[in-house]
Each structure stands twice: as C-alpha cells, then as structure tokens.
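# Summary of structural features
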Amino acid sequence: PVDYRIDILVDDKVVIELKSVQDMREVYFLQIKSYLKLTGKHLGILVNFNCEDINENIWRIANKI
C-alpha cells in the first residue's frame, strides 16, 4: 500500500511539502500536485532546504486557480 502524507497543512488551505535534496526532480512537483488533487486544496508550496539560497528554492503550485 502507498501512504500519502502531507508534510504541513496550513489553515486547512495550503499544502506545504518540504524537501532536502540536491536536485529537484519533476516527481516532487507531481507529488504536491497529487496532494492538491486528492485533498481538493488549491495552493501548494514546495520548499527545498538543501541549497545555498532558499529564495531560489521555493515554488508555488496552484490547482484549478
């Protein structure tokens, strides 16, 4: 069985997915898009902490907006 677990859900509205990886892959973006579809939420934030500049490693993902 596959378990889907959202890292953080803010105000029952925003899904936040946290990563600490050297290379961001398309699968991470697809993962948060799946979380948005499964939960019916409209906004996701994907953050990678394994970087020199955090500002370049935060992505906003929208679902049906």
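Our structure's up above, just so we're on the same page.
Residues numbered from 1 in each chain as written. Predicted model: local features only at pLDDT ≥ 70, side-chain atom pairs only at ≥ 80, totals over all residues. Heavy atoms only, no water.

### Overview of the nonpolar core
This is how it is decided: Among the buried residues, those of types Ala, Val, Leu, Ile, Met, Phe, Trp, Tyr and Cys that are joined through side-chain atoms within 4.5 Å form a nonpolar core. Exposed residues in this analysis have more than 50% of their type's maximum accessible area, buried residues have under 20%, and partly exposed residues fall in between, with area computed by a 1.4 Å probe over protein chains only. Contacts: residue pairs with any heavy atoms within 4.5 Å of one another.
In this structure, Val15, Val21, Tyr28, Phe29, Ile32, Tyr35, Leu36, Leu46 and Ile61 together form the largest nonpolar core, which totals nine residues. Those residues in contact with Ile32 that lie beyond four places of it in its chain are Val15, Glu17, Gly44, Ile45, Leu46 and Ile61.

### Quick word on unusual backbone geometry
Note: most residues except glycine have negative phi, and most peptide bonds are trans. The condition that has to hold: Helix numbers and strand numbers start at the N terminus; a helix is a DSSP run of H or I with at least 4 residues, a strand a run of E with at least 2.
With a phi angle near 50°, Asp11 is a residue other than glycine that sits in the positive phi range. Mapped onto the fold, Asp11 is located in the loop between β1 (8-10) and β2 (14-19). Here Asp11 falls in the exposed class, since its relative accessible area comes to 66%. One non-glycine residue, Asp12, lies in the positive phi region at around 55°.

### Description of the environment of Leu36
Checked against the element boundaries, Leu36 lands in helix α1 (residues 26-39). Between the C-alpha atoms of Leu36 and Ala62, which are 26 residues apart in sequence, the distance is 8.2 Å. In this structure Leu36 touches Val15, Lys41, His42, Leu43, Gly44, Ile61, Ala62 and Asn63, once residues within four positions along its chain are discounted.

### Some remarks on the pairing of β2
The following threshold applies: One bridge is not enough; two strands pair if DSSP finds at least two bridges between them. Look down the strands so they point away from you; if going from the first strand over the helix to the second traces a clockwise path, that crossover is right-handed.
Across the six residues that make up β2, a large majority, five, are buried. Here three bridges tie β1 to β2, and the two strands are oriented antiparallel to one another. Residue pairing for β2: Val10 is matched across the bridge by Val14. Counted between consecutive antiparallel strands, the loop separating β1 from β2 contains three residues, among which Asp11 sits at a positive phi close to 50°. Regarding the hand of the β-α-β motif, the stretch spanning β2, α1 and strand β3 (residues 43-48) is right-handed.

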